[in-house]
Amino acid sequence: MLPWLSSPQPIFPSTDLALDSPNGLLAAGGELSPHWLIHAYRKGIFPWYSDDEPILWWSPNPRMVLQPEQFKRRRSLVKRLRHGGFIVTLDQQFENIVKACAAPRLGEPGTWINQDMRDAYQRLHELGIAHSIEVHLEGQLVGGLYGLAMGPVFFGESMFSRVPDASKVALAHLAHAMQHHEGKLIDCQMHTPHLASLGATTVARKTFINYLEKWLPNKAFNLTNMINEAPTVPGSPWLGAIASTNHPEW
């Protein structure tokens, strides 16, 4: 039986108890408050559910990750980066990025980024934990991505493109900034051929959680459950380099 999380505190089962089918389903219930979400990500767990379901928590095995130095800048993408006319910004249109990512994809009936999820990540953004990378072309928002930054780890949530390669441009800037400013890992959650084509690989869940324990020690967090005290996470020095246009190697 799937564990139901009813405690007022964010207490999750061991990820070793996650189901094999569907892959990674761990528990249901709980909240989407900042404290719950930060506890979850720190333990290798994330929420993913539809409007007609309770909050569902997942920790798949294997886990798809991208090491920043392994990002594949193919010739066509390098050309886009150099001459495509894209402007990349950080945290300028977080709400619009999430809204664009939430739009149903071609051939899909709905989205898992429902209003409760959008509100939850907006709160994390206001706390300086969730971030967006925006890609602009001729003054229009044409692509981007969003996720959580904790120390040397970026937990990716979703991306979108309205013109070819726009989301790849956002990911290229993220990977470059992390590679050159002490970033270690981009969590991609689930395997997709698209991410694999960009250099992402799968690792065992245990390996992924070992990475988190190594790079995100508990002492680096302030996860108090006091209502009037916001949670804090370790800083990410690579964030400031994302929007830089000084990449002569491109």
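Residues numbered from 1 in each chain as written. Predicted model: local features only at pLDDT ≥ 70, side-chain atom pairs only at ≥ 80, totals over all residues. Heavy atoms only, no water.

Peer 1: Report on the sheet that holds strand β9 (residues 153–161), specifying residues and quantitative values.
Peer 2: Within the open sheet, the seven strands sit side by side as β6-β7-β8-β9-β10-β5-β11. Their pairing is mixed. A strand with exactly one partner marks an edge of an open sheet, and here the two such strands are β6 (86–90) and β11 (201–203). Each adjacent strand pair in this sheet contributes to an overall mean axis angle of 35 degrees, direction not counted. Relative to β11, strand β5 (residues 63–66) runs antiparallel, the two being bridged by three bridges. (Pairing = 2+ DSSP bridges. Helix = DSSP H or I, 4+ residues; strand = E, 2+ residues; numbered from the N terminus. Axes fitted to C-alpha atoms, helices over the stretch in contact; angles between N-to-C directions.)

Peer 1: Before we move on, could you go through the sheet that holds strand β3 (residues 46–47) and cite the residues and values that matter?
Peer 2: Strand order in the open sheet formed by four strands is β1-β2-β4-β3, and the pairing between neighbours is mixed. With one partner strand each, in any of the chains shown, β1 (4–5) and β3 form the two edges of the open sheet. Judged from the two bridges that link them, β1 and strand β2 (residues 25–29) form a sheet pairing that is parallel. Bridging across to β2, W4 finds its partner in A28.

Peer 1: Report on the pairing of strand β8 (residues 140–150), specifying residues and quantitative values.
Peer 2: Most of β8 sits out of view: 10 of its 11 residues are buried. Where strand β7 (residues 130–137) meets β8, eight bridges bridge the pair, whose relative direction is antiparallel. Across the sheet, A130 pairs through a bridge with L148, a residue of β8. Hairpin connection from β7 to β8: two residues lie between these consecutive antiparallel strands, with E138 at a positive phi of about 55 degrees. Where β8 lies against β9, eight bridges are found, and the strand directions are antiparallel. Looking across to β9, one finds that G147 is bridged to G156. In this structure, the hairpin formed by β8 and β9 is closed by a connection of two residues, where G151 is found at a positive phi of approximately 55 degrees. (Buried < 20%, exposed > 50% of the residue type's maximum accessible area, 1.4 Å probe, protein only.)

Peer 1: Explain the pattern of salt bridges to me, using residue names and the numbers behind them.
Peer 2: Tallied over the full model, the rule gives three salt bridges. Of the charged contacts, one joins K168 and D165 as a salt bridge, the two residues approaching to 3.5 Å between their closest N and O atoms. Among the residues examined, D165 registers a relative accessible area of 18% and is labelled buried. Three or more residues are tied together by salt bridges with common partners; here these are R80, D165 and K168. (Salt bridge = Lys/Arg side-chain N within 4 Å of Asp/Glu carboxyl O.)

Peer 1: Outline the packing of helix α3 (residues 94–102) against helix α4 (residues 115–126), listing residues and values.
Peer 2: One can describe the packing of α3 onto α4 by two numbers: an axis separation of 10 Å at closest approach and a directional angle of 150 degrees. By the angle between their directions, the pair α3 and α4 is classed as roughly antiparallel. In the packing of α3 onto α4, the handedness of the crossing is right-handed. Contacts between α3 and α4 pair F94, E95, V98, K99 and A102 from the former with R118, Y121, Q122 and H125 from the latter. For the contact of α3 with α4, the per-class residue count stands at four nonpolar, two polar and three charged. (Parallel < 35°, antiparallel > 145°, perpendicular 65-115°, else oblique. Left-handed = near helix turned anticlockwise from the far one by under 90°. Contact = heavy atoms within 4.5 Å. Nonpolar A, V, L, I, M, F, W, Y, C, P; charged D, E, K, R; others polar.)

Peer 1: Describe in detail the packing of aromatic side chains, supporting the description with residues and values.
Peer 2: Across all of its chains, the model carries nine aromatic pairs by this definition. Plain terms: the ring middles of Y211 and W215 are 5.0 Å apart, the flat faces sit at 15 degrees to each other, and that makes the pair stacked. Here the residue Y211 and the residue W215 both occupy positions in helix α7 (residues 205–215), the gap between them amounting to four residues, near one helical turn. On the accessibility criterion, Y211 (21% relative accessible area) is partly exposed. (Phe/Tyr/Trp six-rings, centres within 6.5 Å; stacked < 30°, edge-to-face > 60°.)

Without other data, these values stay purely geometric and don't point to any function.
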